[in-house]
Amino acid sequence: MTHVEDELTSQPECWTRAAAEAARHSGALPAAGERVAIVGCGTSYFMAQAVAALREGAGQGETDAFAASEFPRGRSYDRVVALTRSGTTTEVLDLLDRLKGDTRTTALTADPATPVMTAADEVVVLDFADERSVVQTRFATTALTLLRAHLGLHSDAVVADARTALSTPLPEGLVECTQFTFLGRGWTVGLANEAGLKMREASLAWTEAYPAMEYRHGPISVTTHGTATWMLGEAPEGLAAQVGETGALWVPGALDPLAELVRVQRLAVAVAAARGLDPDRPRHLTRSVILARP
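Worth saying up front: this structure is predicted, and the values here are computed from it rather than measured. (Residues numbered from 1 in each chain as written. Predicted model: local features only at pLDDT ≥ 70, side-chain atom pairs only at ≥ 80, totals over all residues. Heavy atoms only, no water.)

Okay, helix α8 (residues 188-203) next. Taking 1.5 Å as the rise per residue, α8 with 16 residues should run 22 Å; its terminal C-alpha atoms sit 22 Å apart, in good agreement. In terms of burial, α8 is largely enclosed, as 14 of its 16 residues are buried. Downstream of α8 by a residue or two, L204 has a phi angle that is positive, lying close to 55 degrees. (Helix = DSSP H or I, 4+ residues; strand = E, 2+ residues; numbered from the N terminus. Expected span 1.5 Å × (residues − 1). Buried < 20%, exposed > 50% of the residue type's maximum accessible area, 1.4 Å probe, protein only.)

Turning our attention to the nonpolar core. Counting 57 residues, the largest nonpolar core has L108, L144, F180, F182, L191 and M199 as the members making the most contacts within it. Leaving out residues up to four positions away in the same chain, L144 has contacts with M47, A50, V51, L54, W187, L191 and L258. Listed in part, the 17 residues of the second largest apolar core include V39, L93, A107 and A119. (Core = buried A, V, L, I, M, F, W, Y, C linked by side-chain atoms within 4.5 Å. Contact = heavy atoms within 4.5 Å.)

Attention now moves to the pairing of strand β8 (residues 227-232). In terms of burial, β8 is a largely internal element, six of the six residues being buried. Residues T227, T229 and M231 of β8 are buried on one face, and the alternating residues A228, W230 and L232, pointing to the opposite face, are buried as well. Across six bridges, the pairing between strand β6 (residues 179-184) and β8 is parallel. Bridging across to β8, F180 finds its partner in A228. As paired elements, β8 and strand β9 (residues 249-251) share three bridges and run parallel to each other. Its bridge partner being in β9, W230 is matched across the sheet by V251. Regarding topology, helix α9 (residues 239-246) serves as the crossover connection from β8 to the parallel β9, and that connection is right-handed. (Pairing = 2+ DSSP bridges. Right-handed = clockwise from strand over helix to strand, strands pointing away.)

All right, on to the environment of T227 then. Within the element layout of this structure, T227 appears in strand β8. The sequence separation of T227 and R35 amounts to 192 residues, and the corresponding C-alpha distance is 40 Å. Contact partners of T227, with chain neighbours within four places excluded, come to C177, Q179, T181, V222, A248 and L249. Side chain to side chain, T227 and Q179 meet in a polar contact 3.0 Å long. (Polar contact = N/O pair within 3.5 Å; in protein donor to acceptor, adjacent residues only side chain to side chain.)

Mapped onto the elements of the fold, D97 is located in helix α4 (residues 90-99). Here D97 falls in the exposed class, since its relative accessible area comes to 56%. Distance in space between the C-alpha atoms of D97 and L291 is 15 Å, their sequence separation being 194 residues.

Set out below in C-alpha cells:
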C-alpha cells in the first residue's frame, strides 16, 4: 500500500476527530459577521474556495478565497485564514508576514514545528491528519471538515458516506477513461477543482473542472467516448442526459460531496497503478513549495 492509499483510507477517523475538536478551536476560527478571506496554495486554495462558499451561503458573513500569491493589496478583512499543511509554503508565510499587525490571522496546519506557528496570530494544529505524501488527501479534507463543523454543517452522515466511498467499487470502465471532467455547484466547485488536481498529480491524467452550469458553455464540446464526467453534488436538470448523448460516462454524485472527493482520490490511485505510476512520487512536485528569497 502506498502512503497515499494509507492516508486516504484513514479519513473517516480524521473527520470524526476534527468535528469533535471544532468547538475547542472556535475562538481561533472566524466568528459570525466577520469579513473573512481564506487563502492557500494548490489543494489548500481549492479547500479555501469550498469553505468560502459554505460560510457565505450559511449567512456567516462575506467570505472570499484567494491563492496566497494573489491576495489583493489594500483590501480590508476582519480575519484572514491560511490553510497550509506544511507550514512552510513561501507564499503563505510572505502573506502572513505582510498582514501582521494590521489584520488578524489564523493558520490551519499539520506541523507544529514550522514557521507558520509564529507567522500567524492564532494557529489550529491538525497534526493527527499530517501526511508523508506529496499528494494531499486527508489533511485537506480534515481541515475542511473542521471548518464545516464550526459552521454547523457537519454530521455523522458525512463520515458514513466516507466509509461507503472507501468500501464500494468504482464504476465499471472508469479507470479506463482517458479524460476526466469534474463539475460542482456552489461550495463543490472548489471540490471539483481539487478532484481535477488530484488526478493530474497522482496519475498524470487529462482533467478539467468547471461550475456545472458553465460546462454547457463550451467545455462539453470536447466530451466524447472515453470521457468521464463526474458531478460532485446535485446536477443541474437535464445535464446527465446531455452528457449521455456525447457517449461519455456520467458519474452522478450520490454521496456527500466531500465523500465523493474520497472516491476521486481512490480513482487517482487506481489510474496511477493502471499506468505504472507511483502516486507517492508525483512528477516535478515536492511536499511544500519553498522559494529562495533574494
